[in-house]
Amino acid sequence: MGKVAAQSCFVYGCTASLGALVWYFASLAGYRILPQSVWVFAVFFSIHGIAMVITFYRRPWNPWKPVLKVTPERIRIAKLLLALVAANFLFPLAVVVSEHGGVSERALSMALTSLVLLNTVYIAIHWAIRPENLFPSWFLSFISNPLLYLLVRRHEPNK
């Protein structure tokens, strides 16, 4: 992956995370901000989709240099940040699930904003320090292809 692509995805992740954070706080404050136009949603979804496709982990045969210098402190911060936004996503998700079909616009907005925040923070972290520095190799293999991982793992002795 080229340096320009890595830097562009990192910048997108940081910029989109800031936008998602603003959207998240607006939702938290009670503003029900959902895209009113299908075009706004389509443009955002397209740009975000492209970033996710580029970011989606593909075995280490596709090396790139991390955008930031990898240090133990940065790895700890990245793991903590990722854990916080993942935990933050679970609360609105639980609210949406508990409303059994009668999902309020505020709950839906909170769930969407926390999901977007989780995605955009991951994109920034992914390109900043590479996933190999964050996750164990078995987890990366599983995420890369869960079905193949489970099938191969089931046939390996003592695993």
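Residues numbered from 1 in each chain as written. Predicted model: local features only at pLDDT ≥ 70, side-chain atom pairs only at ≥ 80, totals over all residues. Heavy atoms only, no water.

Novice: For this particular structure, what's the right way to read the packing of aromatic side chains?
Specialist: Here the distance between the centres and the angle between the planes together describe a pair of aromatic rings. Summed over all chains, the structure comprises 3 aromatic pairs. Where Tyr-122 meets Phe-135, the ring centres are 6.5 Å apart and the plane angle is 35°; that geometry is what we call tilted. Here the residue Tyr-122 occupies a position in helix 4 (residues 105–129), and Phe-135 occupies one in the loop between helix 4 and helix 5 (137–144), the gap between them amounting to 13 residues. On the numbers, 5.1 Å between centres and 40° between planes, the contact of Phe-135 with Phe-139 is tilted. Judged by relative accessible area, which is 21%, Phe-135 ranks as partly exposed. (Phe/Tyr/Trp six-rings, centres within 6.5 Å; stacked < 30°, edge-to-face > 60°. Helix = DSSP H or I, 4+ residues; strand = E, 2+ residues; numbered from the N terminus. Buried < 20%, exposed > 50% of the residue type's maximum accessible area, 1.4 Å probe, protein only.)

Novice: Before we go on, may I ask you to explain the nonpolar core in this structure?
Specialist: Most often, soluble globular proteins have nonpolar side chains that are buried together. By size, the foremost hydrophobic cluster in this structure holds 25 residues, and its most contacted members are Leu-82, Val-85, Val-121, Ile-125, Trp-127, Ile-129 and Leu-134. Put simply, the parts of the chain that give this core at least two residues each are helix 1 (3–28), helix 3 (72–98) and helix 4. Looking at this core element by element, the count peaks at 11 residues for helix 4. When residues no more than four places from it in sequence are discounted, the contact partners of Leu-134 are Ile-75, Ala-78, Lys-79, Ile-125 and Ile-129. (Core = buried A, V, L, I, M, F, W, Y, C linked by side-chain atoms within 4.5 Å. Contact = heavy atoms within 4.5 Å.)

Novice: Even after reading the chapter, I still don't get the layout of surface pockets, so can you show me in this structure?
Specialist: The rolling of a water-molecule-sized probe over the atoms marks out the regions of remaining empty space. Within this model, the second largest pocket holds a volume of roughly 250 Å³. Together, 14 residues line the second largest pocket, and Phe-10, Leu-81, Val-121, Ala-124 and Ile-125 are the ones closest to its centre. Looking at the lining of the second largest pocket, the elements with two or more residues in it are helix 1, helix 3 and helix 4. With 5 residues, helix 4 is the largest single contributor of residues to the lining of the second largest pocket. Here the lining of the second largest pocket is composed, by residue class, of 11 nonpolar, 2 polar and 1 charged. (1 Å grid on protein atoms, 1.4 Å probe; cavity = no way out; pocket = protein on both sides within 12 Å on 5 of 7 lines; lining within 4 Å. Points joined across faces, edges and corners; volume = space filled by probe spheres on them. Nonpolar A, V, L, I, M, F, W, Y, C, P; charged D, E, K, R; others polar.)

Novice: How do you make sense of helix 4 when you look at a structure like this?
Specialist: The α-helix advances 3.6 residues per turn, and as a result positions three or four apart in sequence lie on the same side. With 25 residues, helix 4 extends 36 Å from end C-alpha to end C-alpha; this agrees with the ideal 36 Å at 1.5 Å per step. The element helix 4 is extensively covered by neighbouring structure, given that 20 of its 25 residues are classed as buried. Two residues or fewer past helix 4, Arg-130 is found with a positive phi of approximately 70°. (Expected span 1.5 Å × (residues − 1).)

Novice: Quick question: what am I supposed to make of the side chain of Thr-55 here?
Specialist: Of note, Thr-55 is situated in helix 2 (residues 38–55). The class of Thr-55 is buried, set by a relative accessible area of 2%. For Thr-55, the side chain forms a polar contact with the side chain of Trp-127, separated by 2.7 Å. What Thr-55 contacts, discounting residues up to four positions off in sequence, is Tyr-122, Ile-123, His-126 and Trp-127. (Polar contact = N/O pair within 3.5 Å; in protein donor to acceptor, adjacent residues only side chain to side chain.)

Novice: It is not clear to me how a nonpolar patch on the surface should be interpreted in this structure. Could you clarify?
Specialist: On the surface, a cluster of nonpolar side chains totalling about 260 Å² of accessible area is made up of Leu-21, Phe-25 and Leu-28. Within the secondary structure layout, Leu-21 lies in helix 1. The partly exposed category is assigned to Leu-21, whose relative accessible area is 32%. (Patch = residues over 30% accessible without salt bridge, like charges linked within 9 Å, V, L, I, M, F, W, Y side chains within 5 Å. Areas by Shrake-Rupley, 256 points an atom, 1.4 Å probe, with all protein chains shown as cover. Salt bridge = Lys/Arg side-chain N within 4 Å of Asp/Glu carboxyl O.)

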